[in-house]
Amino acid sequence: MTDKVAKYKMLWDHHTHTTYSHGKGSILDNVKAAHEKGLQSIAITDHGPGNFCYGMKMEKIPEMRADIEEAMKIYPDVKVLLGVEANTLLRAPYVDISDDDWKDLDIVLAGFHFAVLGCGMIPNRLGIRSQSLLVRNTDMILNTLYHAEEQGHHIEILTHPGDKGPFDITEIAKACEDTGTLMEINGKHPHLTSDEIKLAAPFDVKFVISSDAHIPGNVGLFRPQLTRALEAGLDPERIVNIVLTEEK
């Protein structure tokens, strides 16, 4: 398995964090790391503003744009996207960004996080995994994906699906198929797990590997996630941001 994983490289990493939320490096630090890893592009996707512990300030977007422009002058080989990892909510608009916010961003990711008013979730660690909770949590994700499309928006990546609570991965995979949303195999969290990948694989859905880097050194991290996918029997050609570097 290790030999097989070594034959692949990551093309781009579209889930990274900076000091604009609770990452440890600047935008320039992350872009430098992407350059050093040979990535074609990187997305700066700090946590949505609804997180009252470390959500980004949307009024800082012009400052972030300026930082990105400066970073691309220094590292012109790396395309840098400005995005957000929006927080999923139980009620419309189902994410913690406004219509105006969508217009200012190049890419939008969405996923569940704690410390967000209106998420309505109960942590796994409390041991509560009732069927009604699973249905509610799953409906939250489905509503997030479908509502965005209805409003003329698109969630590019569903981040770490299955993390922090009970979810019906098959229902979520079907919604990702319908909306063209990438299902993430995350580097910071164990989701999608191998078992969850097996549940999602029968659907016509694409996968993406993300580092979810909170420190610059983790930008471009992908091999543990790829190992997880291969262990699940997933065809690596369904992972959109890795490529084979030599013949099998």
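Residues numbered from 1 in each chain as written. Predicted model: local features only at pLDDT ≥ 70, side-chain atom pairs only at ≥ 80, totals over all residues. Heavy atoms only, no water.

Asks: Could you give an account of the packing of helix H5 (residues 131-150) against helix H6 (residues 169-179), naming the residues involved and the relevant values?
Replies: It is at 10 Å that the axes of H5 and H6 come closest, and there the two elements cross at 5 degrees. Classed by the angle they form, the pair H5 and H6 counts as roughly parallel. Residue-level inspection shows Thr 138, Ile 141, Leu 142, Leu 145, Tyr 146 and Glu 149 of H5 in contact with H6, the latter providing Glu 171, Ile 172, Lys 174, Ala 175, Cys 176, Asp 178 and Thr 179. Within the contact of H5 with H6, the residues separate by chemical class into 7 nonpolar, 2 polar and 4 charged. (Axes fitted to C-alpha atoms, helices over the stretch in contact; angles between N-to-C directions. Helix = DSSP H or I, 4+ residues; strand = E, 2+ residues; numbered from the N terminus. Parallel < 35°, antiparallel > 145°, perpendicular 65-115°, else oblique. Contact = heavy atoms within 4.5 Å. Nonpolar A, V, L, I, M, F, W, Y, C, P; charged D, E, K, R; others polar.)

Asks: Describe the environment of Phe 114, listing the residues and the values that go with them.
Replies: Looking at the element boundaries, Phe 114 is found in the loop between strand E5 (107-111) and H5. When the C-alpha atoms of Phe 114 and Ile 239 are compared, they prove to be 28 Å apart, with 125 residues separating the residues in sequence.

Asks: Residue-level account of the nonpolar core, with values.
Replies: If you look at the biggest cluster of nonpolar residues, it comprises 61 residues, and the most contacted ones within it are Met 183, Ile 185, Phe 207, Leu 226 and Ile 239. Non-local contacts of Ile 185, meaning those with residues more than four positions away in its chain, are made with His 191, Leu 192, Ile 197, Phe 207, Val 208, Ile 209, Ser 210, Gln 225, Arg 228, Ala 229, Leu 234 and Ile 239. Ala 43, Leu 109, Ile 157 and Val 208 belong to the second-largest nonpolar core, a separate cluster that totals 9 residues. (Core = buried A, V, L, I, M, F, W, Y, C linked by side-chain atoms within 4.5 Å. Buried < 20%, exposed > 50% of the residue type's maximum accessible area, 1.4 Å probe, protein only.)

Asks: How would you explain the pairing of strand E3 (residues 41-47) if you had to name every residue and give the values?
Replies: Across the 7 residues that make up E3, a large majority, 7, are buried. As judged from the 3 bridges shared by strand E2 (residues 12-16) and E3, these two strands associate in the parallel manner. By the bridge assignment for E3, Trp 12 is matched with Ser 41. Where the polypeptide runs from E2 across helix H2 (residues 27-37) and back to E3, its parallel neighbour, the crossover connection is right-handed. Inspection of the sheet shows E3 paired to strand E4 (residues 79-87) by 7 bridges, in the parallel sense. Among the inter-strand pairings, Ile 42 is bridged to a residue of E4, identified as Val 80. (Pairing = 2+ DSSP bridges. Right-handed = clockwise from strand over helix to strand, strands pointing away.)

Asks: Give me the environment of Glu 63: which residues, what numbers.
Replies: With respect to the element layout, Glu 63 can be found in helix H3 (residues 61-74). Separated by 89 residues in the primary sequence, Glu 63 and Gly 152 have C-alpha atoms spaced 26 Å apart. Within the structure, Glu 63 has its side chain in polar contact with the side chain of Tyr 20 (distance 2.9 Å). (Polar contact = N/O pair within 3.5 Å; in protein donor to acceptor, adjacent residues only side chain to side chain.)

Asks: Give me the layout of surface pockets: which residues, what numbers.
Replies: Reported here for the largest pocket is a volume of approximately 150 Å³. Every residue along the wall of the largest pocket is listed here: Lys 9, Met 10, Lys 37, Gly 38, Leu 39, Gly 217, Asn 218, Val 219, Gly 220, Leu 221, Phe 222 and Arg 223. Partitioning the lining of the largest pocket into residue classes produces 5 nonpolar, 4 polar and 3 charged. (1 Å grid on protein atoms, 1.4 Å probe; cavity = no way out; pocket = protein on both sides within 12 Å on 5 of 7 lines; lining within 4 Å. Points joined across faces, edges and corners; volume = space filled by probe spheres on them.)

Asks: Can you break down empty space enclosed by the protein residue by residue, with the values?
Replies: Evaluated as defined, the whole model comprises 1 cavity of 30 Å³ or more. In this model, the largest cavity occupies a volume close to 70 Å³. Lining of the largest cavity is provided by Gly 111, Phe 112, Ile 141, Leu 158, Thr 159, His 160, Pro 161, Gly 162, Asp 163, Phe 167 and Ile 172.

Asks: Let's hear about the packing of H2 against H3: which residues, and what values?
Replies: The geometry of H2 relative to H3 is characterised by a closest axis approach of 9 Å and an angle of 35 degrees between their N-to-C directions. By crossing handedness, the relation of H2 to H3 is classed as right-handed. Every residue of H3 that contacts H2 at Ile 27, Leu 28 and Val 31 is listed here: Met 64, Asp 67, Ile 68, Ala 71 and Ile 74. Classifying every residue of the contact of H2 with H3 by side-chain character gives 7 nonpolar, no polar and 1 charged. (Left-handed = near helix turned anticlockwise from the far one by under 90°.)

Asks: Pulling in residues and values, what's your account of H3?
Replies: Under the 1.5 Å per step criterion, the end-to-end length of H3 is 20 Å for 14 residues, consistent within 8% with the ideal 20 Å. For H3, the complete set of buried residues consists of Ile 61, Met 64, Ile 68 and Ala 71. For H3, the angular spread of the buried residues around the axis is 80 degrees, confining them to a single face. In H3, those exposed residues whose orientation departs by more than 90 degrees from the buried face are Pro 62 and Lys 73. Tucked inside the fold, the buried residues of H3 contact H2, E3 and E4. (Expected span 1.5 Å × (residues − 1). Arc of directions from axis to C-beta.)

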